[in-house]
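The lines below spell out each chain.
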Amino acid sequence: MSHACEHHTPAAGSISNLARYRRVLWTALWINAAMFGVELFSGWHSGSLSLLADSIDFAGDALNYGVSLAVLSAALAWRARAAVVKALCMMGFGTLILGRAIWSLYTGTVPDATTMGVVGLLALVANVAVAWMLYAFREGDANMRSVWLCSRNDAIGNVLVMLAAAGVLGTGSGWPDLLVAAGMAALALQGGWQVMRQARQELAGQLAAAATSCGDNHHGHSH
């Protein structure tokens with residue numbers, strides 16, 4: 001499970017059918033944004049924290065596709081700044097889920113297992129559909145591997161939600177849901193921290209490169 005999934009965008013010049021690639025990215029963005037809304041609503045109303053935690057994945061992926069569309073021709077620094085925003089959102093949401101999990105321990109809430117199972121299955125179908133669309137576009141490079149790893153990890157999250165639903169149904173308690181949610185929230189916090197660290201390194205590198213460039217120009221003018 002890696003909530004820090006990055007869908008790396010190939011250079012615009014290396015894409016043979018840029019218009020179609022943009023359409024695929026937009027479709028992937030809307031599917032992920034819609035599933036974020038579905039899981040957020042369903043998780044809140046069914047009392048399922050694992051559904052709420054899984055919605056972090058869809059929010060993160062939707063943001064990734066948005067960034068990919070925005071930076072097809074933009075500088076690395078902008079991608080890094082967007083990553084900082086994403087990291088803060090992931091860590092904030094992860095903290096919120098953990099807080100809700102602790103609250104549920106005291107209140108002993110039992111979520112609706114049927115909603116969990118149905119929405120978990122729908123999320124799995126959505127992730128497989130997005131993976132298939134992107135697979136058709138990326139032939140044999142690191143980008144394809146990145147998308148597949150991310151899609152696989154997202155699918156594992158969906159399966160965990162369905163297992164939690166079975167556990168809730170079988171035991172009549174909210175413990176399976178709480179355990180899955182806490183694990184996913186912890187991974188979101190870890191992933192957010194990793195994204196933040198990488199983004200800060202990239203921004204620092206950009207600043208250092210800019211300073212060196214300015215220094216070289218100034219040195220050149222002084223001669």
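In what follows, the accompanying structure is described.

Scoring rules and cut-offs
- Residues numbered from 1 in each chain as written.
- Predicted model: local features only at pLDDT ≥ 70, side-chain atom pairs only at ≥ 80, totals over all residues.
- Heavy atoms only, no water.
- Helix = DSSP H or I, 4+ residues; strand = E, 2+ residues; numbered from the N terminus.
- Buried < 20%, exposed > 50% of the residue type's maximum accessible area, 1.4 Å probe, protein only.
- Contact = heavy atoms within 4.5 Å.
- Core = buried A, V, L, I, M, F, W, Y, C linked by side-chain atoms within 4.5 Å.
- Lys, Arg positive; Asp, Glu negative; His and termini not counted.
- Salt bridge = Lys/Arg side-chain N within 4 Å of Asp/Glu carboxyl O.
- Phe/Tyr/Trp six-rings, centres within 6.5 Å; stacked < 30°, edge-to-face > 60°.
- Lys NZ or Arg CZ within 6 Å of the ring centre and 35° of its normal.
- Patch = residues over 30% accessible without salt bridge, like charges linked within 9 Å, V, L, I, M, F, W, Y side chains within 5 Å.
- Areas by Shrake-Rupley, 256 points an atom, 1.4 Å probe, with all protein chains shown as cover.

1. Focus: the overall build of the chain
At step 1: The helix and strand inventory of the chain stands at 6 helices and 0 strands.
At step 2: In the chain, the order of α-helices and β-strands from amino to carboxyl end is α-α-α-α-α-α.
At step 3: Within the chain, the fraction of its 223 residues that count as buried is 43%.
At step 4: Taking contacts inside the chain between residues at least 6 apart in sequence as the whole, the part at least 24 apart equals 85%.

2. With respect to the nonpolar core
At step 1: Counting residues in each nonpolar core, the largest one holds 22 residues, and the members touching the most others are Leu49, Ile56, Ile97 and Met116.
At step 2: When residues of this core are traced back to their parent elements, those giving at least two are α2 (49-70), α3 (76-107), α4 (113-135), α5 (142-171) and α6 (175-222).
At step 3: Sequence-distant contacts of methionine 116, defined by excluding residues within four places in its chain, comprise Ser48, Ser50, Leu51, Pro111, Val161, Ala164, Ala165, Val168 and Asp177.
At step 4: Membership of the second largest hydrophobic core comes to 10 residues, among which are Ala28, Val130, Met133 and Leu134.

3. Structural notes on the side chain of glutamate 39
At step 1: Checked against the element boundaries, glutamate 39 lands in helix α1 (residues 18-46).
At step 2: Buried charge without a salt bridge: glutamate 39, with arginine 100 as the nearest opposite-charge side chain at an N-O distance of 14 Å.
At step 3: When residues no more than four places from it in sequence are discounted, the contact partners of glutamate 39 are Leu51, Leu52, Asp54, Ser55, Phe58, Val119 and Ala123.

4. A word on the packing of aromatic side chains
At step 1: According to the stated counting rule, one finds 0 aromatic pairs in the structure shown.
At step 2: Over the face of the ring belonging to tryptophan 44 we find arginine 100, whose NZ or CZ atom lies 4.5 Å from the ring centre.

5. What about the environment of glycine 92?
At step 1: Secondary-structure assignment places glycine 92 in helix α3.
At step 2: For glycine 92, a relative accessible area of 39% translates into the label partly exposed.
At step 3: For glycine 92 and leucine 189, which are 97 residues apart along the polypeptide, the C-alpha to C-alpha distance reads 8.0 Å.

6. A closer look at a nonpolar patch on the surface
At step 1: Judged by side-chain polarity, Ile102, Leu105, Tyr106, Trp175 and Leu179 come together as a nonpolar surface patch covering roughly 640 Å² of accessible area.
At step 2: Those elements that provide at least two residues to the nonpolar patch are α3 and α6.
At step 3: Here the nonpolar patch gets 3 residues from one element, more than from any other, and that element is α3.
At step 4: In this fold, leucine 105 is placed in helix α3.
At step 5: The partly exposed category is assigned to leucine 105, whose relative accessible area is 46%.

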